[in-house]
Amino acid sequence: MTEMIQEVRVRFAPSPTGNLHIGGARTAIYNWAFARRNGGKFILRIEDTDPERSTSENTAQIIRSLKWLGLDWDEGPEVGGEYGPYLQTERFATYGAALEDLKAKDAVYPCFCTPEELAERREAAMEAKTYSGYDRRCRDISFEEAAARIKAGEPHTWRLKIPLDRGDVTFNDLVFGATSFPITQLDDFILVRSDGSPTYNYVVCLDDALMKISHVIRGDDHLSNTPKQILVYEALGMPTPRFAHLSMILGPDGKRLSKRHGATSVEAYKDEGYFADALLNYLALLGWSLDGSTTLFDAQVLTDNFSLDRVSKNPAVFDEKKLEWINASRIKEMGAPAFVDALVPHLCDYGLIRGGSTVYDNELGLVDGKLADTASIKADVEANRAWYEAIYPLVAERARTIAEAIPMTSYLFSGDTVFYDETSVSKCLKAEGAAVILKNAEEALSGLQQSWSTSSIEEELRKLPEQLGVKPKVIFQAVRVALCGNVVSPPLFESIELLGWENTEARLKKAIEIAN
RNA sequence: GUCCCCAUAGUCUAGCGGUUAGGACGCCACCCUUUCAAGGUGGAGGUCACGGGUUCGAAUCCCGUUGGGGAUGCCA
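Bear in mind that the values here come from a model prediction, so they are computed numbers and not experimental data.

## Let's talk about the protein's contact with RNA strand B
For RNA strand B, the set of nearby residues contains 63 residues, the closest of which are Tyr 131, Arg 193, Glu 397, Arg 398 and Arg 480. Backbone atoms, meaning sugar and phosphate, make up 68% of the atoms of RNA strand B lying within 4 Å of the protein. Elements represented by at least two residues in the surface near RNA strand B include exactly helix H4 (115-127), strand S6 (177-181), strand S11 (316-317), helix H11 (320-334) and helix H21 (472-484). Taken together, the residues that form the surface near RNA strand B break down as 21 nonpolar, 21 polar and 21 charged.

## Some details on the environment of Ala 284
Assignment of secondary structure puts Ala 284 in helix H9 (residues 276-285). The class of Ala 284 is buried, set by a relative accessible area of 0%. When the C-alpha atoms of Ala 284 and Thr 27 are compared, they prove to be 9.4 Å apart, with 257 residues separating the residues in sequence.

## A closer look at the packing of helix H1 (residues 22-37) against H9
Axis separation between H1 and H9 bottoms out at 9 Å; the angle between their running directions is 85°. Of the possible angle classes, the one that applies to H1 and H9 is roughly perpendicular. Between H1, through Ile 22, Ala 25, Arg 26, Ile 29 and Tyr 30, and H9, the contact on the second element is made entirely by Leu 279, Leu 280, Leu 283 and Ala 284. Here the contact of H1 with H9 is composed, by residue class, of eight nonpolar, no polar and one charged.

## Comments concerning the pairing of strand S4 (residues 157-160)
By the alternation rule, side chains of S4 split into Thr 157 and Arg 159 and Trp 158 and Leu 160, which are all buried. Pairing between strand S3 (residues 108-111) and S4: four bridges, direction antiparallel. In the strand pairing of S4, Val 108 is matched with Leu 160. Two elements, S4 and strand S7 (residues 190-192), share two bridges in a ladder whose sense is antiparallel. Bridge assignment links Trp 158 to a residue of S7, and that residue is Val 192.

## Side note on H4
Across its 13 residues, H4 extends 18 Å between first and last C-alpha, which sits within 8% of the 18 Å expected from 1.5 Å per residue. Following H4 by one or two positions, Lys 129 adopts a phi angle in the positive range, close to 55°.

## Observations regarding unusual backbone geometry
Note: most peptide bonds trans; most residues except glycine with negative phi. The omega torsion of the bond from Gly 84 to Pro 85 falls at 0°, within 30 degrees of zero and hence cis. For Pro 85, the position within the fold is in the loop between helix H2 (56-68) and helix H3 (92-104). One non-glycine residue, Asp 106, lies in the positive phi region at around 60°. Under the relative-accessibility criterion, Asp 106 is labelled partly exposed at 47%. Even without being a glycine, Arg 136 presents a positive backbone phi close to 65°.

## Quick look at the sheet that holds S7
With antiparallel pairing, the three strands of this open sheet are ordered in space as S3-S4-S7. Either end of the sheet is taken by a strand with one partner, and the two such strands are S3 and S7. If you compare each strand with its neighbour and ignore which way they point, the axes differ by 45° on average. Running at roughly 100° to S3, H3 makes contact with S3, S4 and S7 of the sheet.

## Topic: the domain arrangement of chain A
What the domain assignment lists for chain A is domain 1 (1-77 + 247-330), domain 2 (92-199), domain 3 (335-413) and domain 4 (422-515). Taken over C-alpha atoms, the centre of domain 3 sits 22 Å from the centre of domain 4. At the interface, eight residues of domain 3 touch nine residues of domain 4. Here domain 3 packs against domain 4, burying approximately 850 Å² in sum over the two surfaces, 69% of which is carbon and sulfur. Linking domain 3 with domain 4 are zero salt bridges. The interface formed by domain 3 and domain 4 includes three residue pairs in polar contact (both at pLDDT 80 or more). A breakdown of the residues in the side of domain 3 that touches domain 4 according to their chemical character gives seven nonpolar, no polar and one charged.

## Quick word on the packing of aromatic side chains
Inspection of the entire model under this criterion finds 15 aromatic pairs. Ring centres 5.4 Å apart and planes at 65° place the aromatic pair Tyr 269 and Tyr 274 in the edge-to-face group. Residue classification places Tyr 274 among the buried residues on the basis of a relative accessible area of 4%. With a centroid separation of 5.0 Å and 80° between ring planes, the pair formed by Trp 387 and Tyr 388 is classed as edge-to-face.

Quick notes on the rules
- Residues numbered from 1 in each chain as written.
- Chains lettered and ligands numbered in written order.
- Predicted model: local features only at pLDDT ≥ 70, side-chain atom pairs only at ≥ 80, totals over all residues.
- Heavy atoms only, no water.
- Near = heavy atom within 4 Å.
- Helix = DSSP H or I, 4+ residues; strand = E, 2+ residues; numbered from the N terminus.
- Nonpolar A, V, L, I, M, F, W, Y, C, P; charged D, E, K, R; others polar.
- Buried < 20%, exposed > 50% of the residue type's maximum accessible area, 1.4 Å probe, protein only.
- Axes fitted to C-alpha atoms, helices over the stretch in contact; angles between N-to-C directions.
- Parallel < 35°, antiparallel > 145°, perpendicular 65-115°, else oblique.
- Contact = heavy atoms within 4.5 Å.
- Pairing = 2+ DSSP bridges.
- Expected span 1.5 Å × (residues − 1).
- Domains from an automatic or database assignment.
- Buried area = accessible area lost by both parts, 1.4 Å probe.
- Salt bridge = Lys/Arg side-chain N within 4 Å of Asp/Glu carboxyl O.
- Polar contact = N/O pair within 3.5 Å; in protein donor to acceptor, adjacent residues only side chain to side chain.
- Phe/Tyr/Trp six-rings, centres within 6.5 Å; stacked < 30°, edge-to-face > 60°.

This is how it looks when you write it as structure tokens:
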């Protein structure tokens, strides 16, 4: 058999019945990477044939998520293409024409069984443990009788007439290898519903064939649908594409990843402060490997190296810890400007503005004060870029996501007030000698107003342990709690510089009151 | 019930007949250190699901078993 030299054309075909989830995103990434690696085309097609559950909002959201991930498509919604339209609901004309063709070829037949009858028979057969699909009772209705019943307006579906004499359906899956299904196992499934709409297994073939898709790369859950679809291609007389199935993504409990495992949508990860390239990196690794040892890479490396024969067959458990680690490594290398750009939307969400007077509790719930409006936050960031960028070194080694950076740095945004962690206060502020320590710290810093910098602050405060004859740890932890409200915080001297003398002074005075 | 697929440490994986079974996340310890991290160093963790073959030799090839997943819709 000669292999036709064919242009690589792959597609991602989500149904807009929800937002883009992790599994779908990975399928999209693999298709995209395969296309880019092989100089082919990546096509986006929206399978919106289920009017009950499909919404245009979902479509818009899916597109947004794909773009955010950094994927681009050569044909599809928004970009068009010569094989459009790319919304299934706009392709209905082609389905009707193909049905006429199938009727002419005697490859389909009308079925007058009602859904209720079908369900009843299926149940009975299941009960008797003998169910193996539709019993084909309408297959032998004569042409004349069928025509008469259709003419009389009797509701009917159109079923594929499986060629009983065909051998088993075999195909070489590009991930799973040789796969074979007994023809006896396949029933005459419905192609066109009684309302005239086409079913998935029918449209998907027609669309893929008409769009000249060369490789169908999709979820494992379609492996068992593949023989049916091969039969449709054959009935249609259209060439069968190559298939590559991707194993499922599982939750920590080993069950298929779903909402009950927590966040599963791409958008949710975006909102939690993950970066697109980190998510892309992690997802690419979930079922594919570059060489067995490389774990950190960018989209370019992916599109330069992706290949289906390095795709794993085992289902993979989604490990958020590793995603966090990859995201953390991204934050460490991204630099202050990019970090601030990513931080701003989160600051806006919480109304955090430099020098603000809002007080937050540990969960970042609003305790007191007003939320700053996003316009003034953005303006302040523009006007004081250096101050905001100075936050980066404080959290770059600590925050795994941008969202984590918010509670970590919220003390920088509360002006002259501090939210105190009770245990930290009783441990460090109400301890013996705390008031003296804080008083001395205040005095030491007060002389620095003209030379306020991390290094001068550090120089002065470092003198305290010897002066007071107290262990450094005791001193610095007391100051830390006084200024940050907690025994755990980002580096102290840098924090003091960012707080400024006035806020520092106010916070120290208040802490001294508590200590007394 | 029937059919299909899968099986290497807690997790993701490398491995394609000869390796002390490699890497990464996570975990533990130590170092660094004013906290938390980060970083550095070291470590624990695998009878390669189980049982049979084939072979001089099997994680790798074959058969069976078990476990898991999927399909079996007028959903996609």
